[in-house]
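# Coordinates in review
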2 protein chains.
Amino acid sequence: MINTQIPDAAAIISAYDLIKPYINRTPVLTCSMFNRMFDCELFFKCESFQKVGAFKYRGATNAVFSMPDNEIKNGVATHSSGNFAQALSLAAKMRGVKAYIVMPSNSPKVKSNAVRDYGGEIIFCTPTLQARETTLAEVVEKTNAVFVHPYNDYKIIAGQATACYELINEINKLDIISAPVGGGGLLSGTLLSAHYFSSATKVIACEPELANDAWQSLKAGKIIPSVNPNTIADGLKTSLGDKTFPIIKEYVAEIVTVSEKAIVEAMKLVWERMKIIIEPSAAVTFAALLENKYDHKGKRIGIIFSGGNVDLEKLPWM
Amino acid sequence: MINTQIPDAAAIISAYDLIKPYINRTPVLTCSMFNRMFDCELFFKCESFQKVGAFKYRGATNAVFSMPDNEIKNGVATHSSGNFAQALSLAAKMRGVKAYIVMPSNSPKVKSNAVRDYGGEIIFCTPTLQARETTLAEVVEKTNAVFVHPYNDYKIIAGQATACYELINEINKLDIISAPVGGGGLLSGTLLSAHYFSSATKVIACEPELANDAWQSLKAGKIIPSVNPNTIADGLKTSLGDKTFPIIKEYVAEIVTVSEKAIVEAMKLVWERMKIIIEPSAAVTFAALLENKYDHKGKRIGIIFSGGNVDLEKLPWM
């Protein structure tokens with residue numbers, strides 16, 4: 001099923017109704033110490049507490065449960081070594097179909113084990129983009145599974161939009177919502193929800209200086225690919241897609257970039273003070289506050305903590 | 001003001017009403033993966049999200065706000081190098097009085113900085129129990145501050161009881177509530193709340209094998225002091241007091257002990273799967289499940305995660 005329409009308000013609401021039984025309604029946390037520190041009101045939407053530890057499960061669930069039985073009967077397939085691999089595996093398991101995950105052969109064992117825990121079947125390939133795509137094509141041909149793109153897909157975008165939708169329904173009159181940007185699935189979903197359901201709210205996207213392709217793309221007015229970025233925020237290394245970029249271009253108020261140092265500092269500070277675990281890709285939004293990247297004083301700000309999957313054996317400040 | 005009565009139901013309710021404006025109502029979290037893993041229903045009362053990162057703030061707030069103005073006008077004093085030092089400092093600050101904290105001169109800088117952040121005034125002493133007590137006596141004499149004991153005090157016990165009180169009010173029909181035991185403030189409060197407000201619920205206490213003085217005391221029928229225990233659960237090294245022990249003896253269903261290895265494993269597993277930070281002293285309750293220390297199958301179990309203060313530079317699994 002090809003979905004050719006940018007999700008409208010009704011599409012987001014129906015995505016939410018569809019996935020609600022399967023997802024966690026994640027909490028919105030506050031921290032009075034951080035409010036004092038930044039002189040603003042912060043509301044943290046903790047997708048780190050989502051199933052599989054990241055917002056990706058929302059989109060995967062929407063994609064998987066939107067498909068009719070006869071379309072999905074042979075399962076789903078994707079290439080990912082990150083949170084989407086786990087998300088699609090679990091969503092497929094909930095639907096009762098197979099998930100084929102193409103992963104580079106040098107993926108950390110902790111990631112492949114997590115995918116297997118959620119019931120995904122892994123097909124390893126040599127670690128090049130070329131090999132990923134060829135292997136995926138072979139898998140799809142052999143199994144008749146449906147390819148689900150991790151972010152460049154309107155069903156995925158509508159699913160990711162539900163995080164912001166929940167946030168807006170719980171916390172009113174937000175001046176700003178801040179979200180990280182990698183491939184743009186979460187950001188474009190956030191932009192659409194803010195646009196339809198809280199139009200006075202500005203959305204500010206955050207990305208690492210060392211993977212500033214979204215910032216560059218916005219400036220150039222066309223997609224500038226991310227070329228071998230070397231950031232600790234491993235979920236934000238991907239390039240924008242032709243479905244996510246137009247939404248971002250249309251609706252984003254600003255894209256700001258943050259240093260690696262600030263990402264690590266932000267992550268550690270959130271762990272220490274809020275006692276919650278967020279991953280580096282989630283910490284970019286907090287890093288933007290630390291580096292004073294936009295006018296936040298006196299504002300009500302929603303921060304989307306996108307995920308909490310971290311290898312506890314390798315912490316960036318150690 | 002000397003409070004000579006074991007707190008009754010009314011005392012716990014009035015403690016709760018008194019401290020409610022100052023404390024966080026901490027969330028009760030669940031984790032479907034752990035429910036499957038242990039074949040029971042677990043409800044985690046996360047005092048790690050309490051102000052100062054530990055349940056200790058409840059008792060400190062009750063003690064500080066119970067005193068009439070003329071009694072507390074010269075402030076409060078205690079000796080502690082742990083969570084209670086921070087808790088009393090912040091409670092005193094909220095009341096607008098001074099807090100004098102006697103700390104051993106070899107306390108980690110991270111702890112003394114935290115106390116100062118919360119407005120406490122630190123008086124360092126040589127790191128012996130003798131010096132602590134002498135120095136505290138001197139401070140009290142000089143300042144006329146009121147000494148507040150970290151746990152052997154009925155106001156403190158009534159304050160700590162409110163964590164379990166909240167848990168019981170939110171989650172009904174718990175078969176078991178499990179809490180760590182150090183000096184016994186949290187445990188005796190938990191026992192009283194369970195007794196008054198959910199009498200069918202059994203309370204099971206957990207402590208490190210290497211600091212098993214509560215287990216020994218229960219067996220001996222009298223307080224066996226904790227002598228230089230060497231456990232990673234640094235909040236559980238203290239001995240029981242003459243106010244906490246009788247309550248424990250009367251009401252506890254069981255005290256179980258856990259290995260250091262299980263404490264570290266429990267802590268890491270909770271971080272990884274629940275994405276929350278708990279300290280080793282909090283992890284003993286989860287370690288008891290890992291080591292299968294009591295009959296938990298098919299039961300509804302409340303687990304009190306007592307705190308989340310951890311030095312992120314020194315993680316026990318690194």
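The rules behind the values
- Residues numbered from 1 in each chain as written.
- Chains lettered and ligands numbered in written order.
- Predicted model: local features only at pLDDT ≥ 70, side-chain atom pairs only at ≥ 80, totals over all residues.
- Heavy atoms only, no water.
- Pairing = 2+ DSSP bridges.
- Helix = DSSP H or I, 4+ residues; strand = E, 2+ residues; numbered from the N terminus.
- Buried < 20%, exposed > 50% of the residue type's maximum accessible area, 1.4 Å probe, protein only.
- Contact = heavy atoms within 4.5 Å.
- Buried area = accessible area lost by both parts, 1.4 Å probe.
- Salt bridge = Lys/Arg side-chain N within 4 Å of Asp/Glu carboxyl O.
- Polar contact = N/O pair within 3.5 Å; in protein donor to acceptor, adjacent residues only side chain to side chain.
- Nonpolar A, V, L, I, M, F, W, Y, C, P; charged D, E, K, R; others polar.
- Domains from an automatic or database assignment.
- Phe/Tyr/Trp six-rings, centres within 6.5 Å; stacked < 30°, edge-to-face > 60°.
- Lys NZ or Arg CZ within 6 Å of the ring centre and 35° of its normal.
- Disulfide = S-S within 2.5 Å.
- Right-handed = clockwise from strand over helix to strand, strands pointing away.

### Observations regarding the sheet that holds strand β9 (residues 254-258) of chain A
Residues and elements named next belong to chain A.
- Within the open sheet, the six strands sit side by side as β1-β2-β10-β7-β8-β9. Their pairing is mixed. Either end of the sheet is taken by a strand with one partner, and the two such strands are β1 (28-29) and β9.
- With two bridges joining them, β1 and strand β2 (residues 41-46) adopt antiparallel strand pairing. Residue pairing in the sheet places V28 in a bridge with K45 of β2.

### Some points on helix α3 (residues 56-66) of chain A
Residue and element names in this part refer to chain A.
- Here α3 lies mainly inside the structure; eleven of its eleven residues are buried.
- For α3, the complete set of buried residues consists of K56, Y57, R58, G59, A60, T61, N62, A63, V64, F65 and S66.
- Close packing links the buried residues of α3 with α1 (9-19), β2, α4 (69-72), β3 (76-79), α5 (83-95) and α8 (154-170).

### Here's the deal with the interface of chain A and chain B
- Contacts between chain A and chain B engage 22 residues on the former and 22 residues on the latter.
- Summed over both sides, the interface of chain A with chain B buries roughly 1900 Å², with 57% coming from carbon and sulfur.
- The three residues of chain A that bury the most area against chain B are A:K275, A:L312 and A:M318, which together make up 35% of that side's buried surface.
- Along the contact surface separating chain A from chain B lie four salt bridges.
- For A:E313, the salt bridge goes to B:K268, with nearest N and O atoms at 2.5 Å.
- At the junction of chain A and chain B, the tally comes to twelve residue pairs in polar contact (both at pLDDT 80 or more).
- By residue number, the principal contributor to the side of chain A that touches chain B is helix α12 (residues 260-274) of chain A, which donates five residues.
- Among the residues forming the side of chain A that touches chain B, the class breakdown is ten nonpolar, five polar and seven charged.

### Notes on the environment of A:G184
All names here are of chain A.
- Tracing the sequence through the fold places G184 in the loop between β7 (176-180) and α9 (185-197).
- Residue G184 is classed as buried on the basis of its relative accessible area, which comes to 3%.
- Considering only alpha carbons, one finds G184 and I157, 27 residues apart in sequence, at a separation of 8.6 Å.
- Discounting chain neighbours no more than four positions away, the residues touching G184 are Y151, L240, T244 and I248.

### Regarding the domain arrangement of chain A
Residues and elements named next belong to chain A.
- Segmenting chain A into domains produces domain 1 (9-54 + 153-305) and domain 2 (57-147).
- Each of domain 1 and domain 2 has a C-alpha centre, and the two are 24 Å apart.
- Contact with domain 1, which involves 23 residues of that partner, is made by 17 residues of domain 2.
- Here domain 1 meets domain 2 over a buried area of about 1600 Å², counting both sides, of which 62% is carbon and sulfur.
- Between K111 and D234 there is a salt bridge, with its nearest N and O atoms 3.9 Å apart.
- Where domain 1 meets domain 2, there are seven residue pairs in polar contact (both at pLDDT 80 or more).
- Broken down by secondary-structure element, the contributors of at least two residues to the side of domain 1 that touches domain 2 are α1 and α8.
- Residues of the side of domain 1 that touches domain 2, tallied by class, amount to ten nonpolar, six polar and seven charged.

### Some words on the packing of aromatic side chains
All names here are of chain A.
- All chains considered together, the criterion is met by 23 aromatic pairs over all chains.
- Members of the aromatic cluster, each reached through a chain of ring pairs, are F34, F38, F44, F286 and F305.
- Sitting over the ring of F65, R95 keeps its end group 5.9 Å from the ring centre.

### A short note on the state of the cysteines
- Tallying each qualifying case throughout the model produces zero disulfides over all chains.
- Between A:C206, a free cysteine, and A:C40, which holds the nearest cysteine sulfur, the sulfur-to-sulfur gap is 13 Å.
- Distance from the sulfur of B:C31, which forms no disulfide, to the nearest cysteine sulfur (B:C46) is 11 Å.
- Its relative accessible area of 8% is what places B:C31 among the buried residues.

### Quick word on the pairing of strand β3 (residues 76-79) of chain B
Residue and element names in this part refer to chain B.
- With burial as the criterion, each face of β3 is covered, one bearing V76 and T78 and the other bearing A77 and H79.
- Strand direction decides the pairing type here: β3 and strand β4 (residues 99-104), joined by four bridges, are parallel. Note that in β4 the partner of T78 across the bridge is I101.
- Of the crossover connections in this fold, the one passing from β3 over helix α5 (residues 83-95) to the parallel β4 is right-handed.
- Bridge count between β3 and strand β6 (residues 146-147): two bridges; the pairing is parallel. When the bridges of β6 are listed, A77 appears paired with F147.

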